[in-house]
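If you want the building blocks of each chain, they are given just below.
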Amino acid sequence: MIPYGKQSITEEDIKSVEKVLRSDFLTQGPLVPLFEKRISEYTGVKYTTAVNSATSALHIAYLALDIKKNDIVWTSPITFVATSNAALMCGAIVDFVDIEENTLNMSVSELEKKLIDAKEINKLPKLVAPVHMCGQSCDMEQIYNLSKKYGFKIVEDASHAIGGSYQNLKVGSCKYSDITVLSFHPVKIITTGEGGAVLTNSKELDDKVKLLRTHGIVRENLTRDEGPWYYEQHELGYNYRMTELQAALGVSQLDRIDDFVARRNEIANYYVQKLDEAKIPYVRVKEDRYSSYHLFVIKVDSNKRRKIFEEMRSIGLGVQVHYFPVHKQPYYKKMKDWTLPASEKTYQEIISIPIFYTLSNEDASFVIDAIKRLW
Ligand SMILES: *Cc1c(COP(=O)(O)O)cnc(C)c1O
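Residues numbered from 1 in each chain as written. Predicted model: local features only at pLDDT ≥ 70, side-chain atom pairs only at ≥ 80, totals over all residues. Heavy atoms only, no water.

1. Overview of the sheet that holds strand β4 (residues 93-96)
In plain terms, the rule: Two strands qualify as a pair provided DSSP detects at least 2 bridges between them. In this description a helix means any DSSP run of H or I spanning at least four residues, a strand means any run of E spanning at least two, and both kinds are numbered starting from the N terminus. Axis geometry follows a simple rule: fit a line to the C-alpha atoms, using only the stretch in contact for helices, then measure angles between N-to-C directions, giving values from 0 to 180 degrees. The contact definition used throughout considers only heavy atoms, calling two residues in contact when any of these lie within 4.5 Å.
With mixed pairing, the seven strands of this open sheet are ordered in space as β2-β10-β9-β6-β5-β3-β4. Whereas interior strands pair on both sides, the edge strands pair on one side only; in this sheet they are β2 (47-51) and β4. Ignoring strand direction, the axes of neighbouring strands in this sheet form an average angle of 20°. Sheet analysis places strand β3 (residues 72-75) next to strand β5 (residues 127-129), joined by three bridges and oriented parallel. The partner of Thr75 across the bridge, within β5, is Ala129. In the packing of helix α5 (residues 108-120) onto the sheet, the strands contacted are β3, β4 and β5, and the crossing angle to β3 comes to about 160°.

And the structure:
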């Protein structure tokens, strides 16, 4: 089966992890801070906190921005459930902004409409979490301008998007947000097995995130002098730490990120050319941005989607659908009966086809032939 996404692991990656296994520190050693420094350098952000998943990263990002019981958080319904779940974990009330059909990203015009309505009834969101679907940045400058007008915080869910750029700035720079979150799950752009990161330009937010990562425990600014063994708990935090083994893999993977993303773009350009020739639609990337192409999504007739999907699976193509709208999940439907027309319509048409660093040209052409035949 050719999967829709897959990691690339070299001998160097393996050696770097093996070296950790033979060292003194399996956790809380030098490699997590090194990985964090490398992520900061790569994205151009000031501070990075590595954690054990993007879900944890979202959770403590929201907490650091003071999201608590009954605060309102808006995100996109076309995302992995973690983006909104993490807000529910803070006790927040979640609502969804509909998408733009051609990019699958949060629609700025829908966001603006919803903000105008929310202001009328005094229910403006405290935080908005745009999701950079497939690796393409959302319209961050416009979302940022709305945040200034309506007074909300921004967390970018860039789980798909490390290696991409927007207005010639790397995703993660946080030019237009308070915090950006990354994922290092094996299907994503670079991997640490499981893992994630919280990026910010604010020292205050970074301090809070680092406190929440380790139980809310501090070793400085103590309230009493007990002795060298003494630490204090100042907040209710978690154990969301990344291990040294994961960080070693992350550092090693980050050395190759530009190759990973370049190859994904090479495959995407080939798909675009062939799909344009065959007049088959697909998710578009806007002019002023570079996608990391975590996903390549084609659009088919909604009546034929299931058949095409199953036939692609039957010939060994591990296609997927990203995503079933979050507001239609049974758990969310219990909360409210949402209608988000663009998300619901687009969901019926999408299929994610294989795209990853080690996908061969032959396999890419096999994918195209299958689509053209089944279309
Ligand atoms: C993968 C993903 C997450 C969660 O990442 P984990 O590292 O698996 O916790 C969150 N949001 C989006 C959009 C994702 O694709």
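2. Here's the deal with the site of the ligand
Test applied: Whether a residue is near a molecule or strand depends on its heavy atoms: if one lies within 4 Å, it is near. N or O atoms closer than or at 3.5 Å make up a polar contact, with two conditions inside protein: a donor-capable atom paired with an acceptor-capable one, and, for residues adjacent in sequence, both atoms drawn from side chains. Accessible surface is estimated by sampling points in the Shrake-Rupley manner with a 1.4 Å probe; for residues, cover comes only from the protein chains shown. Residues were grouped as follows: Ala, Val, Leu, Ile, Met, Phe, Trp, Tyr, Cys and Pro as nonpolar; Asp, Glu, Lys and Arg as charged; and all remaining residues, including Gly, as polar.
In the region of the ligand, 15 residues are neighbours, and Ala54, Thr55, Asp157, His160 and Lys188 sit closest. Measuring from an oxygen atom of the ligand, one finds a backbone N or O atom of Ala54 at 2.9 Å. In this structure, a nitrogen atom belonging to the ligand sits 3.3 Å away from a side-chain N or O atom of Ser159. Here the ligand loses 93% of its free accessible area of 380 Å² to cover by the protein chains. Sorting the residues of the shell around the ligand by element identifies α3 (54-64) and α4 (82-89) as the ones contributing at least two each. Its residues placed into classes, the shell around the ligand shows five nonpolar, eight polar and two charged.

3. Section: unusual backbone geometry
Threshold: Relative accessible area decides the class of each residue, using a 1.4 Å probe on protein chains only: under 20% of the type maximum gives buried, over 50% gives exposed, and in between gives partly exposed.
Here the amide bond leading from His322 into Tyr323 is cis, since omega sits at 0°, within 30 degrees of zero. If you trace the backbone, Tyr323 turns up in the loop between β15 (317-318) and α11 (330-333). Of note, Asp66 is a non-glycine position whose phi angle comes to about 70°, a positive value. Topologically, Asp66 is positioned in the loop between α3 and β3. Overall, Asp66 belongs to the partly exposed group, its relative accessible area being 42%. Its identity is not glycine, yet Lys279 carries a phi of approximately 55°, on the positive side. Inspection of the secondary structure puts Lys279 in the loop between α9 (257-277) and β13 (289-290).

4. Some details on the packing of aromatic side chains
Applicable threshold: The pairing test for Phe, Tyr and Trp rings, Trp by its six-membered ring, is centres within 6.5 Å, and the orientation test on the planes gives stacked under 30 degrees, edge-to-face over 60, and tilted for anything in between. For a Lys NZ or an Arg CZ to count as sitting over a ring, it must be within 6 Å of the ring centre and within 35 degrees of the ring normal.
A full pass over the atoms with the stated rule returns 14 aromatic pairs. Aromatic pair Phe96 and Trp338: ring centres 5.0 Å apart, planes at 80°, arrangement edge-to-face. Of the two residues, Phe96 is situated in strand β4 and Trp338 in the loop between α11 and α12 (341-347); the sequence distance between them amounts to 242 residues. Across the pair, Trp338 and Phe96 agree in class, each one buried. When the ring of Tyr271 is compared with that of Phe296, the centres are 5.1 Å apart and the planes differ by 65°; the resulting orientation is edge-to-face. With Tyr271 in helix α9 and Phe296 in strand β14 (residues 296-299), the pair connects residues that are 25 residues apart, well separated along the chain. Side by side, Tyr271 and Phe296 carry an identical accessibility label, which is buried. Among the aromatic residues, those joined into a cluster by ring pairs are Tyr270, Tyr271, Tyr282, Tyr293 and Phe296. Above the plane of the ring of Trp74 lies Lys114, whose end atom (NZ or CZ) is 5.1 Å from the centre. Over the aromatic face of Tyr347 sits the side chain of Arg305, whose NZ or CZ is 4.7 Å from the ring centroid.

5. Regarding the side chain of Asp13
Note on placement: Asp13 falls in helix α1 (residues 11-21). A distance of 2.5 Å separates a polar atom in the side chain of Asp13 from a polar atom in the side chain of Ser252. Leaving out residues up to four positions away in the same chain, Asp13 has contacts with Ser8, Leu249, Ser252, Gln253 and Arg256.

6. A few points about the environment of Ser107
Topologically, Ser107 is positioned in the loop between β4 and α5. Accessibility expressed as a relative area gives 6% for Ser107, which makes it buried. Expressed as a C-alpha distance, the spacing of Ser107 and Glu232, which sit 125 residues apart in the sequence, is 45 Å. Non-local contacts of Ser107, meaning those with residues more than four positions away in its chain, are made with Val97, Asp98, Ile99 and Glu100.

7. What to know about the pairing of strand β9 (residues 179-183)
Of all five residues that make up β9, five are buried, and the element is covered over most of its length. Taking every second residue as pointing to the same face, both faces of β9 are buried, with Ile179, Val181 and Ser183 on one and Thr180 and Leu182 on the other. Judged from the three bridges that link them, strand β6 (residues 153-157) and β9 form a sheet pairing that is parallel. Opposite Asp157, over in β9, you have Val181 as the bridge partner. The pairing of β9 with strand β10 (residues 196-200) spans four bridges and is antiparallel.

8. Considering the packing of helix α2 (residues 31-43) against helix α8 (residues 244-254)
Note the threshold: Throughout, the term roughly parallel applies to angles under 35 degrees, roughly antiparallel to angles over 145, roughly perpendicular to angles from 65 to 115, and oblique to all others. In this scheme the crossing of two helices becomes right-handed for a clockwise turn of the near helix relative to the far one and left-handed for an anticlockwise turn of less than a right angle.
Remark: α2 packs on α8, axes separated minimally by 8 Å, with the N-to-C direction vectors making an angle of 30°. The pairing of α2 with α8 is recorded here as roughly parallel in orientation. The element α2 and its partner α8 pack so that their crossing is left-handed. Contacts between α2 and α8 involve Leu31, Val32, Leu34, Phe35, Arg38, Ile39 and Tyr42 from the former and Glu244, Ala247, Ala248, Gly250, Val251 and Leu254 from the latter. Looking at the contact of α2 with α8 residue by residue, the class counts come to 10 nonpolar, one polar and two charged.

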